[in-house]
Amino acid sequence: MAIREGLPLLAKHEGEWEGVYTHVDATGKIIDRHASHLSCLLPPEDPDRYLQINRYRWEDGRSEEYSFPGVYDGHGRLYFDTERIKGVTWALDENAMFLTWRFKAADPSIDQRLFEMIVLSDDGTRRSRTWQWLEHGACVRRTLIQEERVG
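Residues numbered from 1 in each chain as written. Predicted model: local features only at pLDDT ≥ 70, side-chain atom pairs only at ≥ 80, totals over all residues. Heavy atoms only, no water.

Caption draft 1: Expanded view of the pattern of salt bridges. In the structure shown here, the tally under the stated rule is 10 salt bridges. Arg 102 serves as the salt-bridge partner of Asp 111, at 3.2 Å between the closest nitrogen and oxygen. Of the charged contacts in the structure, one is a salt bridge between Glu 116 and Arg 129, with a shortest N-O distance of 2.6 Å. Linking Glu 116 in strand 8 (residues 112–120) with Arg 129 in strand 9 (residues 126–135), this pair joins segments that are 13 residues apart in sequence. Neither Glu 116 nor Arg 129 differs from the other in exposure class; each is buried. (Salt bridge = Lys/Arg side-chain N within 4 Å of Asp/Glu carboxyl O. Helix = DSSP H or I, 4+ residues; strand = E, 2+ residues; numbered from the N terminus. Buried < 20%, exposed > 50% of the residue type's maximum accessible area, 1.4 Å probe, protein only.)

Caption draft 2: Spatial organisation of the nonpolar core. With 28 residues, the main nonpolar core has Ile 3, Tyr 50 and Leu 78 as its most contacted residues. No other element matches the four residues that strand 7 (residues 96–103) contributes to this core. Excluding residues that lie within four positions of it along the chain, Ile 3 makes contacts with Pro 8, Leu 10, Leu 42, Pro 47, Asp 48, Arg 49, Tyr 50, Tyr 72 and Leu 78. (Core = buried A, V, L, I, M, F, W, Y, C linked by side-chain atoms within 4.5 Å. Contact = heavy atoms within 4.5 Å.)

Caption draft 3: Focus on the layout of surface pockets. By volume, the largest pocket is sized at about 470 Å³. Lining of the largest pocket is provided by 29 residues; of these, Asn 54, Tyr 56, Trp 101, Arg 129 and Trp 131 occupy positions nearest its centre. Going through the elements one at a time, strand 1 (15–25), strand 2 (30–41), strand 3 (49–57), strand 4 (63–72), strand 6 (85–91), strand 7, strand 8 and strand 9 are the ones with two or more residues in the lining of the largest pocket. Classifying every residue of the lining of the largest pocket gives 16 nonpolar, six polar and seven charged. (1 Å grid on protein atoms, 1.4 Å probe; cavity = no way out; pocket = protein on both sides within 12 Å on 5 of 7 lines; lining within 4 Å. Points joined across faces, edges and corners; volume = space filled by probe spheres on them. Nonpolar A, V, L, I, M, F, W, Y, C, P; charged D, E, K, R; others polar.)

Caption draft 4: Local environment of the environment of Arg 57. Within the element layout of this structure, Arg 57 appears in strand 3. Exposure remark for Arg 57: the relative accessible area of 41% places this residue in the partly exposed category. Ignoring any residue separated from it by four or fewer positions in sequence, one finds Arg 57 in contact with His 34, Ala 35, Ser 36, His 37, Arg 62 and Ser 63.

Caption draft 5: Representation of the environment of Met 97. You can see Met 97 is positioned in strand 7. The contacts of Met 97, once residues within four sequence positions are left out, are Leu 7, Leu 9, Leu 10, His 13, Thr 89, Trp 90, Ala 91, Leu 92, Glu 116, Met 117 and Ile 118.

Caption draft 6: Molecular detail of unusual backbone geometry. Although it is not a glycine, Asp 111 sits at a positive phi angle of roughly 50 degrees. Mapping Asp 111 onto the fold places it in the loop between strand 7 and strand 8. We classify Asp 111 as partly exposed; its relative accessible area is 34%. Positive phi, close to 55 degrees, is recorded for His 136, a residue that is not glycine. One can find His 136 in the loop between strand 9 and strand 10 (138–150).

Caption draft 7: Focus on the pairing of strand 5 (residues 78–81). Alternating positions in strand 5 separate cleanly, Leu 78 and Phe 80 being buried on one face and Tyr 79 and Asp 81 remaining unburied on the opposite face. In this antiparallel pair of consecutive strands, strand 4 and strand 5, the connection spans five residues, and Gly 74 shows a positive phi of 85 degrees. The sheet contact formed by strand 5 and strand 6 spans four bridges and is antiparallel. Considered in strand 6, the bridge of Leu 78 is made with Thr 89. Where strand 5 hands over to strand 6, the hairpin turn is made up of three residues, counted between the paired strands. (Pairing = 2+ DSSP bridges.)

Written as structure tokens, this is what we have:
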């Protein structure tokens, strides 16, 4: 089964998104903020594949880009296993998705896991995303993301 049929909420995210990532520590203090442009792609030649390209820009001129290919399992879950992360995402209802992952470069002794809630507006033009960074089960950081569809 293809993503469009089996995970239709993910298909609604297809397109270009611009926004801002705000990282806060456990006390709520801002520790980083940067602009983003994300491309969410469903290649027509591979109906069970997903590709997300994240581009980040900081005011000081720094930039980073990462690609996150995913594979749909045909049963409501999309799996990522890239050089950077390993994780899984699925729909919770008609607007919300959940993603959990680990950074592969993280020190295994801190048992770091990330949990993300992704909420798409009813009209499909805005999304809000929240990451919780847990180490040994305690939340040590949050990332707050506001995005709008562009193009």
